[in-house]
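Summary of the model geometry
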Amino acid sequence: MKRKLSMVLSLSMAAASLAGMSTVSFAEEAKEFEGQTLKVAAIETAYGTEMWTEVCAAFEEMTGATVELITDKNLEDVIGNSFRSGDYPDVVHLATGRPAAMTETMIKDEALTDLTDVLDMTVPGEDVTVKEKIAGGFTDSSLTNPYGDGKTYLAPMFYSPCGLFYNAGLFEEKGWDLPETWDEMWALGDAAAEEGIALFTYPTTGYFDAFFYAMLYEAGGPEFFDKATHYEEGIWDTEEAQLVFDTIAKLASYTEKSVPSNANNDNYLKNQQLVCDNKALFMPNGNWVISEMKDAPKADGFEWGFMALPALTEGGDRYSFAWFEQIWVPAAAPNVDLAKEFIAYMYSDEAAAIFAESGAIQPLLGLADTLEGDNKTYYSIYDNGAKVALGGFATTDAVEGVNIADTAFGTINSLVSGDKTEEEWIEAVKADSDKLREALK
């Protein structure tokens, strides 16, 4: 399954970024970079490589610097040997969560440059700072501040919100209101059941990572989330944790019963098809599902809808988890100042327009206003009251026989099928958490 973005950005951003004298003025001031060479290494993903070529060319024109660009689908293999010999690029676009774990290794070895001061830099060619461009919360999580010291070592790049997808056409046809709380969710589930429609489906249990993390935020906010994902002793015995466990266990009882048998990489599309066929109302997913299901048969009047998780309590916060990629500077990079200038430029309107033409969207304020159709609905979720949930279970040294993701998320298949109870699930999460606490990196 590829999680990828697909959207069209209004080209007015690019035109606006080229207007006026600000870019010219910057270019005149930036002659200090004339003759300098910046080495940039970027992972090649579904967005392709052309956008990186164009962005690097635009940066060269603005600053007078020369950019040597390396892109590859297996970037770790390409630059790994040079890393081991002490030859580092100046800028690396490579997210955490990849099998080779190169970025995690750099974090563990404390081999990254502190980028906190970049947030206060003026975006090249503009008159605003980087932190004034980035949406709130995207530089306040363990994905950017891995040491919990308030310092940013990885800057956020392309992102994809995760929440609940549904058929907006069905809700309009039935006259149903979207649930804003889980109590309203259960009432809707009961009403849908009377018409033979399940409340919930999911592609695979792996999709519960974003779902589970957002619920932790809803239950107790960022501080509770950090404690839970860092395995604090007793955290799973709290009222907040119990509320999360109870809600997911109850949701399991509202899930279409065929889902666990298809919740694998071979048959997950069948679970997504349930929403397209009006056999289930909601599923957790990211916007790649729109592309995955573009050729699938759909019920009459089908229209994609997207919303954040319902609030756990009346008047409580609603959250949508966001996946995002990171860009960073090795501590041993030979041209740190120029590298920081390049990263600041990543948040310019000019760079954002180039990236977006390839479908790569950054968490920039107001960017959703330039999108159209499904993408506008999707990326405007944080403009419509939802809060962003970021982060995940903390990295630890390997502990034999322990996989917290399998335990916390994978067990949900057994909750739906009835093979395991909620109490067994909770005890397993607590046992894994106890073992991982001592192995925290």
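Residues numbered from 1 in each chain as written. Predicted model: local features only at pLDDT ≥ 70, side-chain atom pairs only at ≥ 80, totals over all residues. Heavy atoms only, no water.

**Here's the deal with the overall build of the chain**
Broken down by element type, the chain carries 19 helices and 9 strands. For the chain, the spread of C-alpha atoms along the three principal axes comes to 70 × 50 × 40 Å. Summed over its atoms, the accessible surface of the chain is roughly 18800 Å², and 46% of this surface lies on carbon and sulfur atoms. With 29 positive and 75 negative side-chain charges, the chain shows a spacing of 5 Å between the two charge centroids. (Helix = DSSP H or I, 4+ residues; strand = E, 2+ residues; numbered from the N terminus. Areas by Shrake-Rupley, 256 points an atom, 1.4 Å probe, with all protein chains shown as cover. Lys, Arg positive; Asp, Glu negative; His and termini not counted. Charge placed at Lys NZ, Arg CZ, Asp CG, Glu CD.)

**Observations regarding the pairing of strand β7 (residues 304-307)**
By the alternation rule, side chains of β7 split into W304 and F306 and G305 and M307, which are all buried. Of the pairings in the sheet, the one linking strand β4 (residues 155-167) to β7 comprises 4 bridges and is antiparallel in character. Within β7, the residue paired with N167 across the bridge is W304. (Buried < 20%, exposed > 50% of the residue type's maximum accessible area, 1.4 Å probe, protein only. Pairing = 2+ DSSP bridges.)

**Observations concerning the nonpolar core**
In this structure, F212 and F282 are the most contacted members of the largest nonpolar core, which totals 139 residues. At 13 residues, helix α9 (residues 208-229) tops the list of elements feeding residues into this core. Those residues in contact with F212 that sit more than four places away from it in its chain are W236, V244, F245, I248, F393, F409 and W425. Counting residues in hydrophobic clusters, the runner-up holds 16 residues, among them A41, M106, L112 and Y153. (Core = buried A, V, L, I, M, F, W, Y, C linked by side-chain atoms within 4.5 Å. Contact = heavy atoms within 4.5 Å.)

**Quick word on the environment of D349**
Tracing the backbone shows D349 in helix α15 (residues 349-357). Sequence separation of D349 and V123 is 226 residues, and the distance between their C-alpha atoms is 9.2 Å. Here K133 takes part through its side chain, which lies 3.2 Å from a polar atom of the side chain of D349. (Polar contact = N/O pair within 3.5 Å; in protein donor to acceptor, adjacent residues only side chain to side chain.)

**Thoughts on the packing of helix α3 (residues 50-63) against helix α14 (residues 336-345)**
The angle between the axes and the distance between the axes are what describe a pair of packed helices. Where α3 meets α14, the closest approach of the two axes is 11 Å, and the angle between their N-to-C directions is 115°. Of the two possible hands of crossing, α3 and α14 adopt the one that is right-handed. Taking contact as the criterion, the partners of W52, V55, C56, A58, F59 and M62 in α3 are, on α14, L338, E341, F342 and Y345. For the contact of α3 with α14, the class distribution of residues is 9 nonpolar, no polar and 1 charged. (Axes fitted to C-alpha atoms, helices over the stretch in contact; angles between N-to-C directions. Left-handed = near helix turned anticlockwise from the far one by under 90°. Nonpolar A, V, L, I, M, F, W, Y, C, P; charged D, E, K, R; others polar.)

**Some words on the confidence of the model for the chain**
Across the chain, the average pLDDT comes to 90, with 93% of residues at 70 or higher. Confidence over residues 1-28 falls short of pLDDT 50; this stretch has 65 contacts with residues more than four positions distant or in other chains. (pLDDT = per-residue confidence, 0-100.)

**Thoughts on the pairing of strand β6 (residues 280-286)**
Across the 7 residues of β6, 7 count as buried, placing the element largely inside the fold. Strand direction decides the pairing type here: β4 and β6, joined by 4 bridges, are antiparallel. Paired with F165 across the strands is M283, a residue of β6. Relative to β6, strand β5 (residues 198-200) runs parallel, the two sharing 2 bridges. Its bridge partner lying in β6, A198 is registered against A280.

**Some words on the layout of surface pockets**
The volume enclosed by the second largest pocket comes to roughly 260 Å³. For the second largest pocket, the lining is made up of 14 residues, of which F306, M307, A308, R318 and N384 are closest to its centre. Grouping the constituent residues of the lining of the second largest pocket by class yields 8 nonpolar, 4 polar and 2 charged. (1 Å grid on protein atoms, 1.4 Å probe; cavity = no way out; pocket = protein on both sides within 12 Å on 5 of 7 lines; lining within 4 Å. Points joined across faces, edges and corners; volume = space filled by probe spheres on them.)

**Concerning empty space enclosed by the protein**
Applying the stated rule across the entire model yields 4 cavities of 30 Å³ or more. Of the pockets and cavities examined, the largest cavity occupies roughly 90 Å³. Lining of the largest cavity is provided by 16 residues; of these, C162, G163, Y207, A210 and F211 occupy positions nearest its centre. Looking at the lining of the largest cavity, the elements that each hand over two or more residues are β4, α9, β6 and β8 (319-328). Across the lining of the largest cavity, the residue classes tally to 11 nonpolar, 3 polar and 2 charged.

**Section: the pattern of salt bridges**
All told, the structure shown has 14 salt bridges when counted by the stated rule. The partner of E427 in a salt bridge is K430, with the nearest N and O atoms 3.5 Å apart. With a gap of 3 residues between them, E427 and K430 both fall in helix α19 (residues 422-437), about one helical turn apart. What emerges from the salt-bridge pattern is a single network uniting E126, K133 and D349. (Salt bridge = Lys/Arg side-chain N within 4 Å of Asp/Glu carboxyl O.)

**Observations regarding the side chain of D90**
Tracing the backbone through its elements, the reader meets D90 in the loop between α4 (75-84) and β3 (91-93). Despite its burial, D90 pairs with no opposite charge, the nearest such side chain being K39 at 6.8 Å. In terms of polar contacts, D90 uses its side chain to reach the backbone amide nitrogen of N335, at 2.9 Å.

**Examining helix α10 (residues 239-253)**
Taking 1.5 Å as the rise per residue, α10 with 15 residues should run 21 Å; its terminal C-alpha atoms sit 21 Å apart, in good agreement. Every buried residue of α10 is accounted for by A241, V244, F245, T247, I248, A249, L251 and A252. Turning to α10, the residues buried within the fold contact α8 (182-193), β5, α9, α18 (412-417) and α19. (Expected span 1.5 Å × (residues − 1).)

**A word on α4**
Among the residues of α4, L75, E76, I79, G80 and F83 are the ones counted as buried. Seen along its axis, α4 keeps its buried residues to an arc of 135°; they face one direction. For α4, the exposed residues set more than 90 degrees away from the buried face come down to D77 and N81. Among the structural elements, β1 (37-43), β2 (66-72), β3, α5 (102-108) and β8 are those in contact with the buried residues of α4. One or two steps after α4, the chain reaches G86, where phi turns positive at roughly 85°. (Arc of directions from axis to C-beta.)

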